[in-house]
Amino acid sequence: MELLHSGKVRDVYADGDDLILVASDRVSVYDVVLPTMVPDKGKILTQLSLWWFEQLADVTPNHVISGTDVPAEWEGRAVRCKRLTMLPVEWIARGYLAGLGLKEYEKSGTVSGVALPDGLVEASRLPEPIFTPTTKATEGHDEFITYDDVVDEIGADTAARLKEVTLDVYRRGAELAAERGIIIADTKLEFGRAADGTLVLGDEVLTSDSSRFWPADDWTPGRAQHALDKQFVRDWSSTLDWDRTPPGPEIPPEIVDATRARYVEVYERLTGRRWDA
Ligand SMILES: Nc1ncnc2c1ncn2[C@@H]1O[C@H](COP(=O)(O)OP(=O)(O)OP(=O)(O)O)[C@@H](O)[C@H]1O
Ligand SMILES: [Mg+2]
């Protein structure tokens, strides 16, 4: 198969008209791929995404063709999907204040041009979920853009539709996760256009790489939260004397194990299934 693209975490192959999206065990922090793998990470993310795509099937069409009709050596970590023309936007919904959203709020009281009430702190719950798109930078870091920027980029109709779908996916996901004791603070989606023009949810959905997950019983605004997602690795990396440029640091074994345990925990709590690699 032709390798079309090797991303930070996934490799994309063409198989006729289909794509085969293969999730590796690589970890990227601040857009730098670290030299250490987290065993099973790619499989866990792939299986969690497949589960979510099913849960969300009535909210949005998705790119999945099959989670099993893939080359045997990639079984579990690969998805056969429709080839989409991806839109140049990262569709982000936030229900809580964290990460870059928090930084932006502290500077200007807004996130992606959305004005927020005064007095919010780290991890505050927002009055309602907001849409905070970023660019999908091919080089360098993604940056916040306003809703109007999205309209300029892809047109008013598509922007309005996908903003609503993004918020619907977030709301549905957050509600379901809340029943299982997990807060989804925010999440990033990617949409593309299928050959027939349909707008389709692609990439991965509501995973530990694309979302912030916090245990609900430990949620305390005003401090950093216990991260069940990739933030755990970012937090560890920020204890190091590392300038966030390549090469990234080796992850020590205890941090690898703790990261893997968090990815497994999220998978098991959300899906109600046991992780059995
Ligand atoms: N159905 C699809 N059709 C076409 N491209 C897709 C589809 N689903 C996901 N993609 C793209 O496949 C790539 C997945 O790889 P990965 O997530 O590792 O890349 P990345 O490092 O996040 O981003 P990039 O390398 O593009 O900057 C992304 O570029 C994503 O936009
Ligand atoms: Mg990606």
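Worth saying up front: this structure is predicted, and the values here are computed from it rather than measured. (Residues numbered from 1 in each chain as written. Chains lettered and ligands numbered in written order. Predicted model: local features only at pLDDT ≥ 70, side-chain atom pairs only at ≥ 80, totals over all residues. Heavy atoms only, no water.)

Asker: Quick question: what am I supposed to make of empty space enclosed by the protein here?
Answerer: Empty space left among the atoms is revealed by rolling a probe the size of a water molecule over them. According to the stated counting rule, one finds one cavity of 30 Å³ or more in the structure shown. The volume enclosed by the largest cavity comes to roughly 120 Å³. It is helix H1 (residues 41-55) that contributes the most residues to the lining of the largest cavity, five residues altogether. When its residues are assigned to classes, the lining of the largest cavity shows seven nonpolar, three polar and four charged. (1 Å grid on protein atoms, 1.4 Å probe; cavity = no way out; pocket = protein on both sides within 12 Å on 5 of 7 lines; lining within 4 Å. Points joined across faces, edges and corners; volume = space filled by probe spheres on them. Helix = DSSP H or I, 4+ residues; strand = E, 2+ residues; numbered from the N terminus. Nonpolar A, V, L, I, M, F, W, Y, C, P; charged D, E, K, R; others polar.)

Asker: Looking at this structure, I do not really get the nonpolar core. What am I missing?
Answerer: Burial of nonpolar side chains together is a common tendency in soluble globular proteins. Ranked by size, the top nonpolar core spans 46 residues in total, and within it Trp 52, Trp 91, Phe 191, Val 205 and Leu 270 carry the most contacts. Elements represented by at least two residues in this core include exactly H1, strand E9 (89-96), helix H3 (147-154), helix H4 (156-179), strand E14 (182-189), strand E16 (199-201), strand E17 (211-215) and helix H6 (253-271). The leading source of residues in this core is H4, at nine residues. Of all hydrophobic cores here, the second largest spans 14 residues; its members include Val 27, Val 29, Val 32 and Val 233. (Core = buried A, V, L, I, M, F, W, Y, C linked by side-chain atoms within 4.5 Å. Buried < 20%, exposed > 50% of the residue type's maximum accessible area, 1.4 Å probe, protein only.)

Asker: Would you explain the site of ligand 1 in this entry?
Answerer: Neighbouring ligand 1 are 16 residues, the closest being His 5, Lys 8, Arg 10, Lys 82 and Glu 190. Between ligand 1 and Lys 82, the relevant distance is 2.8 Å, taken from a nitrogen atom to a main-chain nitrogen or oxygen of the residue. A distance of 2.6 Å separates an oxygen atom of ligand 1 from a polar side-chain atom of Glu 190. Protein contacts shield 84% of the accessible area of ligand 1, which totals 610 Å² for the unbound molecule. Of all the secondary-structure elements, those providing two or more residues to the shell around ligand 1 are strand E2 (10-15) and strand E3 (18-23). A class-by-class count of the residues in the shell around ligand 1 yields six nonpolar, three polar and seven charged. For the shell around ligand 1, the two domains that each supply at least three residues are domain 1 (2-81) and domain 2 (85-230). (Near = heavy atom within 4 Å. Polar contact = N/O pair within 3.5 Å; in protein donor to acceptor, adjacent residues only side chain to side chain. Areas by Shrake-Rupley, 256 points an atom, 1.4 Å probe, with all protein chains shown as cover. Domains from an automatic or database assignment.)

Asker: What should I look at first to understand a negative patch on the surface in this one?
Answerer: Residues Asp 148, Asp 149, Asp 152 and Glu 153 make up a contiguous surface patch of negative charge. Relative to the helices and strands, Asp 149 is located in helix H3. (Patch = residues over 30% accessible without salt bridge, like charges linked within 9 Å, V, L, I, M, F, W, Y side chains within 5 Å. Salt bridge = Lys/Arg side-chain N within 4 Å of Asp/Glu carboxyl O. Lys, Arg positive; Asp, Glu negative; His and termini not counted. Charge placed at Lys NZ, Arg CZ, Asp CG, Glu CD.)

Asker: How should I be thinking about the packing of aromatic side chains in this particular structure?
Answerer: The geometry of two aromatic rings is summed up by the distance between their centres and the angle between their planes. Scanning the entire structure with this criterion turns up eight aromatic pairs. Look at Trp 91 and Phe 131: their rings are 5.5 Å apart centre to centre, the planes differ by 25°, and that puts the pair in the stacked class. Of the two residues, Trp 91 sits in strand E9 while Phe 131 sits in strand E12 (residues 125-131), which places them 40 residues apart along the sequence. Owing to a relative accessible area of 0%, Trp 91 belongs among the buried residues under this scheme. (Phe/Tyr/Trp six-rings, centres within 6.5 Å; stacked < 30°, edge-to-face > 60°.)

Asker: Teacher, can you tell me more about the layout of surface pockets here?
Answerer: When its volume is computed, the second largest pocket comes out at roughly 200 Å³. Lining the second largest pocket we find 15 residues, and of these Tyr 96, Arg 125, Tyr 170, Ala 174 and Ile 184 sit closest to its centre. Among the elements of the structure, E9, E12, H4 and E14 are those that each provide at least two residues to the lining of the second largest pocket. Here the residues of the lining of the second largest pocket sort into 10 nonpolar, one polar and four charged.

Function cannot be read off these values alone, since they describe shape.
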